[in-house]
Amino acid sequence: MSVVESGPIHFPWPPVFYVAAILASVLLSWWLPLPWIGEPLDGMFFVAGIVLAIAAVAMVIMAIHTMHKAKTSIRLDRPAAHLVQNGPYAMSRNPIYLGNTLFMIGLGLAAGMLWFIILAIVAAFLTQKLAIEYEEPHLEQRFGKKYRDYCKRVRRWI
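Definitions and cut-offs
- Residues numbered from 1 in each chain as written.
- Predicted model: local features only at pLDDT ≥ 70, side-chain atom pairs only at ≥ 80, totals over all residues.
- Heavy atoms only, no water.
- Helix = DSSP H or I, 4+ residues; strand = E, 2+ residues; numbered from the N terminus.
- Buried < 20%, exposed > 50% of the residue type's maximum accessible area, 1.4 Å probe, protein only.
- Core = buried A, V, L, I, M, F, W, Y, C linked by side-chain atoms within 4.5 Å.
- Contact = heavy atoms within 4.5 Å.
- Expected span 1.5 Å × (residues − 1).
- Arc of directions from axis to C-beta.
- Phe/Tyr/Trp six-rings, centres within 6.5 Å; stacked < 30°, edge-to-face > 60°.

**Q** Could you give me a rundown of unusual backbone geometry, with the residues and numbers involved?
**A** Of note, the phi angle at lysine 71 is positive, near 60°, even though the residue is not glycine. Mapped onto the elements of the fold, lysine 71 is located in the loop between α2 (41-69) and α3 (95-111). On the basis of relative accessible area, lysine 71 is assigned to the exposed category, the value being 68%.

Structure follows, in structure tokens:
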């Protein structure tokens, strides 16, 4: 079965990366805490982190809702039925991954745990290498010029 008939990947790596990164961040913050910024900036980082985490969750929910309305699956083991270019997808080709990354960064800022920020970047890198780099050829094969034009207008992350 070709990548066009099945899906870009057969295992949901991105959720695994982000859940593992969150768990590792908590454990590492407990076992090997890294220095954090003190008062008065600590309070501002807390508020900024909460706002960022809420905005990130809203972005993920909107992206999933947009895909659902377009009648295409978010599952990576299924082929894309439609090229979604509206809603959050008009600003980022990967708003769910971006939202997951920003959520972790927001948690790190709110909790004052640098490990969340470090491992958010690691999870994003792994997602790039083991998901996005497989999703993009799948979408190009399925949608051709329409997808290439979309890539010219909308950046991969931000």
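**Q** Pulling in residues and values, what's your account of the nonpolar core?
**A** Tyr18, Tyr97, Met104 and Trp157 are the most contacted members of the largest nonpolar core, which has 17 residues in total. The set of elements that each furnish at least two residues to this core consists of α1 (13-31), α3 and α4 (114-143). Per-element tally for this core: the top contributor is α4, with seven residues. Setting aside chain neighbours within four positions, we find tryptophan 157 in contact with Tyr18, Ser92, Tyr97, Leu98, Thr101, Ala124, Gln128 and Ile132. Counting 13 residues, the second-largest nonpolar core is a separate cluster that includes Leu83, Tyr89, Tyr150 and Val154.

**Q** Now, about α1: what can you tell me, with residues and values included?
**A** Under the 1.5 Å per step criterion, the end-to-end length of α1 is 26 Å for 19 residues, consistent within 8% with the ideal 27 Å. Buried within α1 are the following residues: Pro14, Phe17, Tyr18, Ala21, Ser25 and Ser29. Considered in projection along α1, the buried side chains sweep an arc of 90° and stay on one side of the axis. Summarising the geometry of α1, the exposed residues directed more than 90 degrees from the buried face are Leu23, Trp30 and Trp31. Contacts from the buried residues of α1 go to α3 and α4.

**Q** Tell me about the packing of aromatic side chains, and name the residues and values.
**A** The description of an aromatic ring pair rests on the distance of the ring centres and on the angle between the ring planes. Scanning the model with the defined rule gives five aromatic pairs in all. With a centroid separation of 5.8 Å and an interplanar angle of 40°, the aromatic rings of tryptophan 30 and tryptophan 31 are classed as tilted. Of the two residues examined, tryptophan 30 and tryptophan 31, each falls in the exposed class. Both rings, one in tyrosine 147 and one in tyrosine 150, keep their centres 6.3 Å apart while their planes meet at 50°; by these two values the pair is tilted. Pair noted here: tyrosine 147 and tyrosine 150 are both in helix α5 (residues 145-153), with a separation of three residues, about one helical turn. Judged by relative accessible area, which is 4%, tyrosine 147 ranks as buried. An aromatic cluster is defined as three or more aromatic residues linked by ring pairs; in this entry it consists of Phe11, Trp13 and Phe17.

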